[in-house]
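Listed here are the chains, written in short residue letters.
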Amino acid sequence: MAREQFQTLTEPMYYILIALTEECCGVDIMEKVQRISKGRVKVGPGTLYAMLSKFEDNGIIRRTAEDGRRKSYVITEYGMEMLRAEYDRLQMMVRDGREAASCFRKLS
């Protein structure tokens, strides 16, 4: 089920999982996503906590600590497999684009 539901990841999903390659809490995740994407991707609290809940329910991440409302998470091995598959898919798309670059020159 999780594999089908997360067959391709949105940009926020992708960056959230990258952020969770190291244990961190929600506020840290939002900051890391913005830093890693050089400000291009911003994840608000509503989106973040909805995604964390879905990821946790599907075994993609796991909660590592809870101190009051502050919860920390880390990516699971299953989540790393998904992240690697998405990275490979994106790399393939870039390669395909390079090979088809002549069509872009024709459009200019």
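One structure accompanies this document, and this report is about it. (Residues numbered from 1 in each chain as written. Predicted model: local features only at pLDDT ≥ 70, side-chain atom pairs only at ≥ 80, totals over all residues. Heavy atoms only, no water.)

Description of the packing of helix α2 (residues 11-19) against helix α4 (residues 45-57)
- Here α2 crosses α4 at 70°, and the two axes come no closer than 11 Å. Considering the angle they form, α2 stands roughly perpendicular to α4. For the crossing formed where α2 meets α4, the hand is right-handed. Along the contact surface, α2 presents Met13, Ile16 and Leu17, while α4 presents Leu48, Met51, Leu52 and Phe55.
- For the contact of α2 with α4, the class distribution of residues is 7 nonpolar, no polar and no charged. (Axes fitted to C-alpha atoms, helices over the stretch in contact; angles between N-to-C directions. Helix = DSSP H or I, 4+ residues; strand = E, 2+ residues; numbered from the N terminus. Parallel < 35°, antiparallel > 145°, perpendicular 65-115°, else oblique. Left-handed = near helix turned anticlockwise from the far one by under 90°. Contact = heavy atoms within 4.5 Å. Nonpolar A, V, L, I, M, F, W, Y, C, P; charged D, E, K, R; others polar.)

Observations concerning the nonpolar core
- Within the largest apolar cluster, 24 residues are counted, with the highest numbers of intra-cluster contacts made by Ile16, Leu20 and Ile29.
- Listing elements by their share of this core, those giving two or more residues are α2, α3 (26-36), α4, β3 (70-75) and α5 (77-99).
- With near-sequence residues (within four places) excluded, Ile29 lies in contact with Ile16, Ala19, Leu20, Cys24, Leu48 and Leu52. (Core = buried A, V, L, I, M, F, W, Y, C linked by side-chain atoms within 4.5 Å. Buried < 20%, exposed > 50% of the residue type's maximum accessible area, 1.4 Å probe, protein only.)

Examining the pairing of β3
- The pairing of strand β1 (residues 24-25) with β3 spans 2 bridges and is classified as antiparallel. Each residue of the ladder has a partner; that of Cys24, found in β3, is Tyr73.
- Linkage of strand β2 (residues 61-67) to β3, two consecutive antiparallel strands, is achieved through a turn of 2 residues, within which Gly68 is found at a positive phi near 70°. (Pairing = 2+ DSSP bridges.)

A look at α2
- Those residues of α2 that fall on the buried side of the exposure criterion are Met13, Tyr14, Tyr15, Ile16, Leu17 and Ala19.
- For α2, the secondary structure elements touched by its buried residues are β1, α3, α4, β2, β3 and α5.

Brief notes about the pattern of salt bridges
- Here the structure, examined in full by the defined rule, presents 7 salt bridges.
- For Arg63, the salt bridge is made with Glu66, and the minimal N-O distance between the two is 2.8 Å.
- Arg63 gets classed as partly exposed once you look at its relative accessible area, which sits at 33%.
- The exposure class assigned to Glu66 is partly exposed, which follows from its relative accessible area of 48%.
- Between Glu77 and Arg84 there is a salt bridge, with its nearest N and O atoms 3.4 Å apart.
- Residue Arg84 is classed as partly exposed on the basis of its relative accessible area of 43%.
- Each of Glu56, Arg63 and Glu66 takes part in salt bridges that share partners, so that together they form one network. (Salt bridge = Lys/Arg side-chain N within 4 Å of Asp/Glu carboxyl O.)

With respect to the sheet that holds β3
- An order of β1-β3-β2 is seen for the 3 strands of this open sheet, with the pairing classed as antiparallel. With partners counted over all chains shown, the strands left at the sheet margins are β1 and β2, one partner each.

Structural notes on the side chain of Thr76
- Within the secondary structure, Thr76 is located in the loop between β3 and α5.
- A residue is classified by how much of its surface remains accessible, and Thr76, at 16% relative accessible area, is buried.
- Of note is the side chain of Thr76, whose polar atom sits 3.0 Å from the backbone oxygen of Ile60.
- Here the side chain of Thr76 touches Gly79 through a polar contact of 3.0 Å, landing on its backbone nitrogen.
- If sequence neighbours within four positions are ignored, Thr76 has contacts with Gly59, Ile60, Ile61 and Arg62. (Polar contact = N/O pair within 3.5 Å; in protein donor to acceptor, adjacent residues only side chain to side chain.)

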